[in-house]
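# Residue-level structure breakdown
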Amino acid sequence: MELNSTPRAERLHIGFFGMRNAGKSSLVNALTGQSLSVVSDIKGTTTDPVKKSMELLPLGPVVIIDTPGLDDEGELGELRVKKALEALTATDIAVLVVDASEGLGETDLNLKKELQTRKIPFLVAFNKSDLCKKEALVDDNELYVSAKSGEGVEELKNRLGAFAKSLKNPNYVVRDLLSKNDVVVLVTPIDEAAPKGRLILPQQMVLRDILDAHATAVVCQDTELCETLASLAKKPRMVITDSQVFGKVAKDTPRDVPLTSFSILMARYKGDLATQVKGFSALKALRDGDRVLIAEGCTHHRQCNDIGTVKMPKWIEDFTKVKPTYRFTSGGEFPTDLSEYRVIVHCGGCMLNEAAMKHRVASAVAQAVPIVNYGIAIAGMHGILARSLELFPDILKLL
């Protein structure tokens, strides 16, 4: 990932949904001014959700999601519909594309209800308006468009832009905790799992937030932390560490210096820190054979000492003195039915947009399954959870 590009997880996700041949792909191409999606008169041309990161004025950096038709048929069609509906979990704004000559059908109305239930803002775009007589629109979120003639496309952009302003994440990663000229020490171990030639996304985001606060970042590995702290002329405002070395860093950081982790900051940034802190207590109650879901939002090559599949199970078993059973998921894979799991241990979610991460947390809460992220779990299992939350007094009260 280039440092001057907006990460996909930080982009507004706009999903296009509707029946086959409603013109979703054609409208996507007209909206973006690019041939992002293959178009054809044959029903079901789009067989999988297509995602494209791009700049779309006046919205700025976005991810466009073109989905298969919701009326697809047969065994394979059912799988395509399932994939289309799964795309809702990462959608910030939905565009329901309807053939203007046919109007809203039962499938369209069901999707409207689903969008309302999920509280996803949406527009209804009556496409192919150049081929039919226009009837009076019923709702304010409806508009006529024509992917062929371009009618209404600019209005669609402007309406999406208005939505985008209201959906901007008001949270900061760490900037609101800093003052000008503060010094922040970032502990970023370089091991076999570290990406070659770059920092991982949470480290980049924290570093940028520190610079935006006109504070100073000092970056070191855990093996040089003591020397780094000793070399500073002023006490650092805080130390932020990779969760994998939480235990060692806690021992090397003076007690009067606040300490937290990149993963905990990501949970706060995504807006679900309180829920995941509460979820830690479920780890204490694990029994032999309990099912634990260990989920990650990104896909990567598993290393021999992988945190999700190797380190986390070992830490859990050392902490609980029991032998749970595990399921590991990554990327877009996340179970719909969570009832079999005693607890979910999730990564920081840096590669998931806010909508996707909040959906996973909300699904866990709705099914009464505790969820905790890596940083919170590791801090708790090392006995330093309270210390890692001292920067957040309201959350600390939950312990």
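A brief structural summary. Given the structure is predicted, the values throughout are model-derived calculations rather than measurements.

### Overview of helix H11 (residues 307-320)
Listed as buried for H11 are Ile307, Gly308, Lys311, Met312, Pro313, Trp315, Ile316, Glu317 and Thr320. Tucked inside the fold, the buried residues of H11 contact helix H10 (281-284), strand S11 (291-295), strand S12 (325-329), strand S13 (343-346) and helix H13 (374-381). With a side-chain oxygen lying 3.2 Å from the backbone nitrogen of Gly308, the N-terminal cap of H11 falls on Asp306. Backbone geometry just after H11 places Lys321 at a positive phi near 65 degrees.

### Digging into the pattern of salt bridges
Applying the stated criterion to the full structure yields 26 salt bridges. With a closest N to O distance of 3.0 Å, Lys323 and Glu317 form a salt bridge. Taking relative accessible area as the criterion, Glu317 reaches 18% and is therefore assigned buried. Salt bridges linked by common partners bring Arg20, Asp71, Asp72, Glu73 and Arg80 together as one network.

### Points about the nonpolar core
Within the largest apolar cluster, 63 residues are counted, with the highest numbers of intra-cluster contacts made by Leu283 and Val345. Residues Ile14, Leu27, Val97 and Leu143 belong to the second largest nonpolar core, which totals 23 residues.

### Considerations on the sheet that holds strand S2 (residues 50-56)
Pairing in this open sheet of six strands is mixed, and the strands run S2-S3-S1-S4-S5-S6 from one edge to the other. Two strands close off the open sheet at either side, each with one partner strand: S2 and strand S6 (142-144). Sheet twist, expressed as the mean angle between neighbouring strand axes with direction ignored, is 25 degrees. Across six bridges, the pairing between strand S4 (residues 93-99) and strand S5 (residues 122-127) is parallel. Across the sheet, residue Val97 finds its bridge partner in S5, namely Ala125.

### So, the packing of aromatic side chains
Throughout the structure, instances matching the rule amount to three aromatic pairs. Each ring, one from Phe280 and one from Phe319, has its centre 5.8 Å from the other, and the planes form 40 degrees; the classification is tilted. Of the two residues, Phe280 is situated in the loop between helix H9 (273-279) and H10 and Phe319 in helix H11; the sequence distance between them amounts to 39 residues. Seen from their ring centres, Tyr326 and Phe328 are 6.0 Å apart, and the 20 degrees between their planes marks the pair as stacked. With relative accessibility at 18%, the residue Tyr326 sits in the buried group.

### Regarding unusual backbone geometry
With glycine set apart, most residues show a phi of negative sign, and most peptide bonds adopt trans. Residues other than glycine seldom take positive phi values, yet Lys128 does so here, at roughly 65 degrees. With respect to the helices and strands, Lys128 occurs in the loop between S5 and S6. Even without being glycine, Lys321 reaches a positive phi, approximately 65 degrees. Relative to the helices and strands, Lys321 resides in the loop between H11 and S12.

### Structural notes on the packing of helix H5 (residues 201-212) against helix H8 (residues 262-270)
Viewed as axis vectors pointing N to C, H5 and H8 meet at an angle of 75 degrees, and their least axial separation amounts to 10 Å. Between H5 and H8, the interaxial angle falls into the category roughly perpendicular. From H5, Pro202, Gln203, Met205 and Val206 reach across to H8, where they touch Phe262, Leu265, Met266 and Tyr269. In the contact of H5 with H8, the residues fall into seven nonpolar, one polar and no charged.

### Here we look at the side chain of Arg11
Topologically, Arg11 is positioned in the segment before strand S1 (12-18). At a separation of 3.5 Å, a polar atom in the side chain of Arg11 contacts the main-chain carbonyl oxygen of Val62. If near-sequence neighbours (up to four positions away) are discounted, Arg11 is found in contact with Thr6, Ser53, Met54, Glu55, Pro61, Val62, Val63 and Asp92.

### Notes on H5
Under the 1.5 Å per step criterion, the end-to-end length of H5 is 16 Å for 12 residues, consistent within 8% with the ideal 16 Å. Where H5 is buried, its residues meet strand S7 (183-187), strand S8 (216-220), strand S9 (238-241) and H8. Positive phi appears at His214, one or two residues downstream of H5, with a value of about 60 degrees.

### Here we look at the pairing of S7
Taken across its five residues, S7 has five buried, putting it largely inside the fold. Here S7 shows a buried face lined by Val183, Val185 and Val187 and a second buried face lined by Val184 and Leu186. Pairing of S7 with S8, which is carried by five bridges, proceeds in the parallel orientation. When the bridges of S8 are listed, Val183 appears paired with Thr216.

The rules behind these values
Residues numbered from 1 in each chain as written. Predicted model: local features only at pLDDT ≥ 70, side-chain atom pairs only at ≥ 80, totals over all residues. Heavy atoms only, no water. Buried < 20%, exposed > 50% of the residue type's maximum accessible area, 1.4 Å probe, protein only. Helix = DSSP H or I, 4+ residues; strand = E, 2+ residues; numbered from the N terminus. Contact = heavy atoms within 4.5 Å. Polar contact = N/O pair within 3.5 Å; in protein donor to acceptor, adjacent residues only side chain to side chain. Salt bridge = Lys/Arg side-chain N within 4 Å of Asp/Glu carboxyl O. Core = buried A, V, L, I, M, F, W, Y, C linked by side-chain atoms within 4.5 Å. Pairing = 2+ DSSP bridges. Axes fitted to C-alpha atoms, helices over the stretch in contact; angles between N-to-C directions. Phe/Tyr/Trp six-rings, centres within 6.5 Å; stacked < 30°, edge-to-face > 60°. Parallel < 35°, antiparallel > 145°, perpendicular 65-115°, else oblique. Nonpolar A, V, L, I, M, F, W, Y, C, P; charged D, E, K, R; others polar. Expected span 1.5 Å × (residues − 1).

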